[in-house]
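Commentary on secondary and tertiary structure
Spelled out from the first residue to the last, the chains are:
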Amino acid sequence: MRRTMRWNISLILIASGLSIYYLLPTFQWCNMSQSERDTVSAWNTLSTSAKDRLSELCVLSKEKKKKMLSLSQFTDEARKTSSLWLSMPKAEQKDIEPWCKLPIEDRDVLQKWSTVSTEERARLTKKAKIANKVIKLGLDLRGGMHLVLEVEIPKLTEKDKGQENKKNVVDQALEIIRNRVDKFGVSEPVIQRQGENRIVVQLPGLKDPQRAFELIGKTALLEFRIVDDARLEAAKDGDVPDGYEILYDDENNQFLVKKEPEVTGEYLTNAYVDSSQGSGNMTRRMVVALQFDKAGARKFARATGGHVGEKLAIVLDGRVRSAPVIRTKIDGGNAIVEGNFSLQEAKDLAIVLRAGALPAPIKIIENRMVGPSLGRDSINKGVVASILGLILVILFMAVYYKLSGVIADVGLLGNILMMMGAMIAVSGTLTIPGIAGIILTIGMSVDSNVLIFERIREELRGGKTIKAAIDAGYKKAFWTVVDSHVTTLITAWILFVFGTGPIKGFAVTLSIGIIISLFTAMVITKVIFDLRKEYVTLSI
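Computed from a predicted structure; not experimentally measured. (Residues numbered from 1 in each chain as written. Predicted model: local features only at pLDDT ≥ 70, side-chain atom pairs only at ≥ 80, totals over all residues. Heavy atoms only, no water.)

Of regular secondary structure, the protein chain possesses 20 helices and 15 strands. Within the span of the protein chain, comprising 540 residues, buried residues form 43% of the whole. Within the protein chain, counting contacts between residues at least 6 apart in sequence, those at least 24 apart form 71% of the total. (Helix = DSSP H or I, 4+ residues; strand = E, 2+ residues; numbered from the N terminus. Buried < 20%, exposed > 50% of the residue type's maximum accessible area, 1.4 Å probe, protein only. Contact = heavy atoms within 4.5 Å.)

Next comes the structure, spelled out in structure tokens:
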């Protein structure tokens, strides 16, 4: 066996093996039930640290878990004076106390997953690795939300315009939106810049679009401002002092506050959901606890220490959330935002505050929802079209070129196998235009073999032996095949560079298909012909 042929066979085996390796998780994922997929997807939203804490929690006995759940309903002060806490041994208090101090959002999630057995968690961890390796489906196939956001650059102050150009403002907004979406729990979101001041957000599998609107579109500008109650009545009559303005809360109550905030959200290091003691009782009430950095802590201590007895308005996006009276100077850099929050509302507020305020307001200029049923229907039609196209091409090649056509069909099947494997390897996303690219590649894959076979026929009519005709056919058709593939590849590259969204998906699939079809046409089919040393007749 010639050295070149040995290299070609080795190359084919390696390419086929890698393709099967990358495709295997997708086959395993497709064999799982929908409920199993949902469970694994929910498991994947947990952070590594949360899973580590979960392992610790599962060690606690059922009795300790029950006590922890009861005690976590109270504030720290109320918990330490409760009869349940006082009746517990010191060692038991030491085990439970860290869990009672966890933010409520983490505590509730861990409590839910702590009921899962160790064996089930091990199985989910194994399945989660499969979920991360399956082929990614685009929004048009999976269903979800497609948003186009416009950053309103004109609404920046003149000072801000002088400090940052448009590009920096949009880049900053994109990064903040990405941080918010990452905490939202949507798997495989797409967040990318489009044009000068637009951002495209795709959230596959989203089930709560209204919550996504509020989470992404909220500016989240947090400010702490001093309230002047003494001059409020005069301000209501139009006599607003210099440096002050009137703001409203959710119930349209008026507050006369300083325009210049004492502290802003830019100094935040953390924001999380916690519980607070209600007025005159120990019932749990949702609040968002804040932690400032050193500079913010100094500013906050200075503001509270210099205005004891006055009100400090907590303002979020121009609305007063609360205005508590400052009883004493507050050191330590901790504060809370109160309001009639549900747990979900408090979680979302904590997310946007942690991610930071947007540098400029944003406007939703396009909103499109794709239902999961429509996505499934598109997948089914795409699969049917692909299979139908494949069968017709295979039959045509087998009938017109006989046994040589069957060899071309083997190359075609290898092309599809390697193309799907390559899509997963490069983390490509399969979309409806991508399926169109696959169908187009099916036709183009055998186009090269048509050129080669016609050249072989010409060589046979010229009187050459079968072996010489095959070698000459491949050799003389080589540059014609390469030229046709390169020109199509250039077109696909232009589509990828200048196209957006689905057009890029089509370009990626087409490019991968073109490169692999060149390999299958010139290498795989040639190796099959070369496996036979002597030819008496050639079925072509």
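This part is about the side chain of R457. Mapped onto the fold, R457 is located in helix α18 (residues 432–461). Residues contacting R457, with those up to four places away along its chain left out, are Y400, Y401 and I540.

Let us now look at the packing of helix α19 (residues 466–498) against helix α20 (residues 502–530). Axis separation between α19 and α20 bottoms out at 9 Å; the angle between their running directions is 170°. Judged by the angle between their axes, α19 and α20 are roughly antiparallel. Within the contact of α19 with α20, the residues separate by chemical class into 21 nonpolar, five polar and five charged. (Axes fitted to C-alpha atoms, helices over the stretch in contact; angles between N-to-C directions. Parallel < 35°, antiparallel > 145°, perpendicular 65-115°, else oblique. Nonpolar A, V, L, I, M, F, W, Y, C, P; charged D, E, K, R; others polar.)

Moving on, we come to the side chain of H146. You can see H146 is positioned in strand β2 (residues 144–151). You can call H146 buried: its relative accessible area is 9%. Among the polar contacts listed, one links the side chain of H146 to the side chain of Q202, at a separation of 3.2 Å. Once residues within four sequence positions are removed from consideration, H146 is found in contact with L139, V200, V201, Q202, E366, N367 and R368. (Polar contact = N/O pair within 3.5 Å; in protein donor to acceptor, adjacent residues only side chain to side chain.)

Moving on, we get to the environment of G473. Positionally, G473 belongs in helix α19. For the pair G473 and E458, spaced 15 residues apart in the sequence, the C-alpha separation amounts to 8.3 Å. Residue contacts for G473: discarding those within four places in its chain leaves I452, R455, I456 and E459.

A few words on helix α7 (residues 90–100). Given 3.6 residues to a turn, an α-helix orients residues that are three or four positions apart in the same direction. Taken residue by residue, α7 has E92, Q93, I96, W99 and C100 as its buried positions. Each buried residue of α7 lies within a common arc of 120° when the element is viewed along its axis, so the set occupies one face. Across α7 from its buried face, at more than 90 degrees, point the exposed residues K90, A91 and K94. (Arc of directions from axis to C-beta.)

Take the nonpolar core next. L222, F224, V288, L290 and L353 are the most contacted members of the largest nonpolar core, which has 28 residues in total. Looking at this core, the elements with two or more residues in it are β5 (222–227), β9 (268–277), β10 (284–292), β11 (311–316), β13 (334–337) and α16 (343–355). With six residues, α16 is the largest single contributor of residues to this core. Excluding its chain neighbours within four sequence positions, the residues that come into contact with V288 are A271, Y272, A335, I336, V337, A346, L349, A350 and L353. (Core = buried A, V, L, I, M, F, W, Y, C linked by side-chain atoms within 4.5 Å.)

Turning our eyes to something else, we now look at the pattern of salt bridges. What the rule picks out here adds up to 17 salt bridges. In this structure, E245 and R225 form a salt bridge, with 2.4 Å as the shortest nitrogen-oxygen distance. Taken together, the positions of E245 in strand β6 (residues 244–249) and R225 in strand β5 put the pair 20 residues apart, joining distant regions of the chain. Looking at E245, the relative accessible area reads 25%, which means it is partly exposed. For R225, a relative accessible area of 6% puts it in the buried group. Between D530 and K526 there is a salt bridge, with the nearest N and O atoms lying 2.9 Å from each other. Of this pair, D530 and K526 both sit in helix α20, four residues apart, which is roughly one turn of that helix. Of the two residues, D530 and K526, neither departs from the other in class, the shared state being buried. (Salt bridge = Lys/Arg side-chain N within 4 Å of Asp/Glu carboxyl O.)

With 85% of its residues at a pLDDT of at least 70, the protein chain reaches an overall mean of 80. Per-element confidence in the protein chain is highest for strand β7 (residues 254–258), whose mean pLDDT is 91, and lowest for helix α11 (residues 158–163), whose mean pLDDT is 49. Counting contacts from residues 277–283, a segment whose pLDDT is below 50, to residues more than four positions away or on other chains yields 10 contacts. (pLDDT = per-residue confidence, 0-100.)

The two faces of the sheet receive side chains in turn, since in a regular strand these alternate between them. Among the seven residues that make up strand β4 (residues 198–204), six are buried, leaving the element largely enclosed by the rest of the structure. Direction of pairing for β2 relative to β4: antiparallel, over a ladder of seven bridges. Bridge pairing links L147 to V201 in β4. Bridge analysis of strand β3 (residues 190–194) against β4 gives five bridges, and the strand direction is antiparallel. In the sheet register, Q194 faces β4, and the bridge partner there is R198. (Pairing = 2+ DSSP bridges.)

We now examine helix α1 (residues 3–30). The end-to-end C-alpha distance of α1, which contains 28 residues, comes to 41 Å, matching closely the 40 Å that a straight helix rising 1.5 Å per residue would cover. The axis of α1 is deflected most strongly, by about 30°, at L23, and proline P25 appears within four residues downstream. Considered for burial, the residues of α1 that qualify are M5, I12, S19, L23, P25, T26 and W29. (Expected span 1.5 Å × (residues − 1). Bend = angle between axes of the 7 residues up to and from the residue.)

Let us now look at a nonpolar patch on the surface. A contiguous nonpolar patch, built from V486, I490, W493, I494, F496, V497 and F498 and spanning about 710 Å² of accessible area, is present on the exposed surface. Looking at the secondary structure, you find W493 in helix α19. (Patch = residues over 30% accessible without salt bridge, like charges linked within 9 Å, V, L, I, M, F, W, Y side chains within 5 Å. Areas by Shrake-Rupley, 256 points an atom, 1.4 Å probe, with all protein chains shown as cover.)

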